[in-house]
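Structural overview
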Amino acid sequence: MPADFEVSPDISDGINVGLMGLGVVGAGVAAHILSNGSSLLGLTGRTVNLKKVLVRDRFRVRDVELPEGVLTTNAEDILSDPDIDIVVEVMGGTYPAEDYLKQALAAGKHIVTANKEVMAKSGSELMTLARDNNANLLFEASVGGGIPIVGCMMNELAANDIRSIRSIINGTTNYILTKMAQERTGFEQALVEAQGLGYAESDPTNDIEGIDAAYKLTILASLAYRRSFQPSDIYREGISKLEPQDFRYAEELGYAIKSLAIANLDEEAVQLRVYPALVPAEHMLAKVDGVYNAVEVEGSLCGQVLVHGAGAGREPTTSAVVGDIIEAACKIGNHSPALMPRNGPELKVKPIGELRSRYYVRLEVADHPGVLAQIAQLLGDGQISIAAVLQRDTHPETDSAEIVITTHPAREDSMQMALRRMENLSQVKKVSNTLRIEE
Ligand SMILES: NC(=O)c1ccc[n+]([C@@H]2O[C@H](COP(=O)([O-])OP(=O)(O)OC[C@H]3O[C@@H](n4cnc5c(N)ncnc54)[C@H](OP(=O)(O)O)[C@@H]3O)[C@@H](O)[C@H]2O)c1
């Protein structure tokens, strides 16, 4: 028998878990602990017991059958129970989740949470509280569902100076963009399909406006650069302006369109941004389709590392949450300090205007000679040189044509100025879309 299994399986010596939330993730975690709690003995040295589960509605029909007396609607049954060692928060939202996490940490309980919003807005405060109370605060499931990236940033990649993170960390937008690319579906129709399949919520704002991805990027950047960033540090654009022809032109130019969450260190400042961008078709991120997520990290020692997998869903997220429970359970007893990002050097967040990027611009113009020369002149005034021009669609009925211009690298503020001037040209009917090109 392996040494691990020689530990007494006495239940009184087990680790007690208080689970807050029994929805998509909570039910997966509860079911896993109930059916595997005693086999976790081999990994943690103790059995893992599900002592209490907090919900809002006691009478809701559940996907998992709990033992008598485990379900509660009173958070104090978890927070004030000295026998509960680990609190697993899978409720979501900031209130009351954040208050419960603070109370649990103040009581010296170890925390496992999947809550990206709380970790993005208050992660630094919670980590300090964890350290002061000699507790662990683990949050693998808060970024990328089943993808092991948070622990990787804290441990396996900790020796590196992180040069950049480029990621697809919102499965809903990636599903919509994949649908638009593969079937040339319009944005609204792709969104409705995503909602029908349960990939998008009835209010999809957080996903399609990049808010959810910005929370996750805040967490990744804070770990990478060991500073506390806030969601407001992240420049953000959503995906609702994209139209089927953007995907057609992108493909013709050799690119895919993906909503990227990017952090990169540029001299003494960090640039943080979430927006749809053109990605070279041969790049691995361009091949991440559907609800899948991927995070590419470039480190000073490891070079480029890419993790790819299911970014949400009951089983993948249960994998991340239970992994954290096992880690916390292993630490109980030897009271190791919480895993904490070190305090890194002061870093400015660079304004988006200072970004240097290539651009894709789709315009509707009057179908007259000389229009392109005017646009080229205006771009030239801003030190922006044209890389390619496509003209495919002409509309004789409206005397207009659609053109697409790609540029060589230019400063964002120069590009924005040129776009504003372009909109004022009488020959330009509409600047339909502008996207950055990530090489
Ligand atoms: N779903 C995913 O694939 C996924 C992936 C990664 C991370 N996450 C994160 O995991 C967390 C949970 O997500 P989920 O999809 O499992 O959510 P969910 O299905 O909406 O479940 C939320 C659960 O929390 C309970 N709850 C909410 N507010 C409560 C309150 N004030 N008091 C007591 N119980 C309360 C609900 O109780 P009732 O059942 O009684 O309403 C429900 O059981 C979120 O932070 C989410 O961002 C989710």
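Residues numbered from 1 in each chain as written. Predicted model: local features only at pLDDT ≥ 70, side-chain atom pairs only at ≥ 80, totals over all residues. Heavy atoms only, no water.

**A word on the packing of aromatic side chains**
Two numbers describe a pair of aromatic rings. These are the distance of the centres and the angle of the planes. Taken as a whole and assessed by the stated rule, the structure comprises one aromatic pair. Lying across the ring of tyrosine 249, arginine 248 places its NZ or CZ 5.1 Å from the centre. The cationic tip of arginine 436 hangs over the ring face of tyrosine 275; the distance from NZ or CZ to the ring centre is 4.4 Å. (Phe/Tyr/Trp six-rings, centres within 6.5 Å; stacked < 30°, edge-to-face > 60°. Lys NZ or Arg CZ within 6 Å of the ring centre and 35° of its normal.)

**Considerations on the domain arrangement of the protein chain**
Examined at the domain level, the protein chain breaks down into domain 1 (3-145 + 315-331), domain 2 (150-310) and domain 3 (352-437). Placing a centre on the C-alpha atoms of domain 1 and another on those of domain 3 gives a separation of 53 Å. (Domains from an automatic or database assignment.)

**Considerations on the site of the ligand**
Not every one of the 22 residues close to the ligand is listed here, only the nearest: Leu22, Val25, Asp57, Arg62 and Gly313. Between the ligand and lysine 116, the relevant distance is 3.1 Å, taken from an oxygen atom to a side-chain nitrogen or oxygen of the residue. Its free accessible area being 900 Å², the ligand has 80% of it covered by the protein chains. Residues that form the shell around the ligand fall into these classes: eleven nonpolar, six polar and five charged. (Near = heavy atom within 4 Å. Polar contact = N/O pair within 3.5 Å; in protein donor to acceptor, adjacent residues only side chain to side chain. Areas by Shrake-Rupley, 256 points an atom, 1.4 Å probe, with all protein chains shown as cover. Nonpolar A, V, L, I, M, F, W, Y, C, P; charged D, E, K, R; others polar.)

**Some details on the packing of helix 1 (residues 24-36) against helix 12 (residues 314-331)**
Interaxial distance between helix 1 and helix 12 falls to 8 Å at its minimum, and their mutual angle equals 60°. When the axis of helix 1 is compared with that of helix 12, the two are oblique. With respect to the hand of their crossing, helix 1 and helix 12 are arranged in right-handed fashion. Within the contact between the two elements, helix 1 uses Val24, Val25, Ala27, Gly28, Val29, His32 and Ile33 and helix 12 uses Arg314, Thr317, Thr318, Val321, Val322 and Ile325. (Axes fitted to C-alpha atoms, helices over the stretch in contact; angles between N-to-C directions. Helix = DSSP H or I, 4+ residues; strand = E, 2+ residues; numbered from the N terminus. Parallel < 35°, antiparallel > 145°, perpendicular 65-115°, else oblique. Left-handed = near helix turned anticlockwise from the far one by under 90°. Contact = heavy atoms within 4.5 Å.)

**A short note on the confidence of the model for the protein chain**
In the predicted model, the protein chain carries a mean pLDDT of 92, and 94% of its residues have values of at least 70. Counting interchain partners and residues more than four positions distant, the pLDDT-below-50 stretch residues 1-12 has ten contacts. The low-confidence segment residues 335-340 (pLDDT under 50) makes 18 contacts with residues lying over four places distant or belonging to another chain. (pLDDT = per-residue confidence, 0-100.)

**Points about the environment of methionine 153**
By the element assignment, methionine 153 lies in helix 6 (residues 150-156). Take methionine 153: its relative accessible area is 5%, and that puts it in the buried class. Residues methionine 153 and asparagine 49, spaced 104 residues apart in sequence, show a C-alpha to C-alpha distance of 29 Å. (Buried < 20%, exposed > 50% of the residue type's maximum accessible area, 1.4 Å probe, protein only.)

**With respect to the pattern of salt bridges**
One pass over the structure, following the stated rule, counts 25 salt bridges. For glutamate 183, the salt bridge goes to lysine 179, with nearest N and O atoms at 3.1 Å. With glutamate 183 and lysine 179 both in helix 7 (residues 171-183) and four residues apart, this pair spans about one turn of that helix. Given a relative accessible area of 48%, glutamate 183 falls into the partly exposed group. In this structure lysine 179 comes out as buried when scored by relative accessible area, which is 15%. Here arginine 362 and aspartate 246 are joined by a salt bridge, their closest N and O atoms 2.6 Å apart. Separated by 116 residues along the polypeptide, arginine 362 in strand 14 (residues 356-366) and aspartate 246 in helix 11 (residues 244-253) bring together distant segments of the chain. Just as arginine 362 is buried, aspartate 246 falls in that class too. The network of salt bridges with shared partners includes Glu243, Asp246, Arg362 and Glu402. (Salt bridge = Lys/Arg side-chain N within 4 Å of Asp/Glu carboxyl O.)

**Some points on the pairing of strand 2 (residues 48-54)**
The buried count for strand 2 comes to six of seven residues, which makes it a mostly enclosed element. Relative to strand 2, strand 1 (residues 15-20) runs parallel, the two sharing six bridges. Within strand 2, the position partnered with valine 17 by the bridge is leucine 50. Here two bridges tie strand 2 to strand 3 (residues 71-72), and the two strands are oriented parallel to one another. Bridge pairing in strand 3 places leucine 54 opposite threonine 72. (Pairing = 2+ DSSP bridges.)

**A word on helix 10 (residues 211-225)**
Compared with an ideal rise of 1.5 Å per residue, which puts 15 residues at 21 Å, helix 10 spans 21 Å between its outermost C-alpha atoms and is within 8% of the ideal. For helix 10, the tally of buried residues reaches 15 of 15 residues, placing the bulk of the element in the interior. (Expected span 1.5 Å × (residues − 1).)

**With respect to the sheet that holds strand 1**
Spatially, 3-2-1-4-5-6 is the arrangement adopted by the six strands of the open sheet, whose pairing is parallel. The strands lining the two open edges of the sheet, one partner per strand, are strand 3 and strand 6 (137-138). Together, strand 1, strand 2, strand 4 (86-89) and strand 5 (110-113) form the strand contacts of helix 4 (residues 97-106), whose direction differs from that of strand 5 by roughly 155°.

**Remarks on the nonpolar core**
With 53 residues, the main nonpolar core has Phe139, Ile149, Met153 and Tyr225 as its most contacted residues. Considering each element in turn, this core owes the most residues, eleven residues, to helix 10. Both domains that meet at this core, namely domain 1 (3-145 + 315-331) and domain 2 (150-310), each give it at least three residues. In contact with phenylalanine 139, other than residues within four places in its own chain, are Thr113, Met119, Met127, Val150, Met154, Ile219, Leu223 and Asp324. (Core = buried A, V, L, I, M, F, W, Y, C linked by side-chain atoms within 4.5 Å.)

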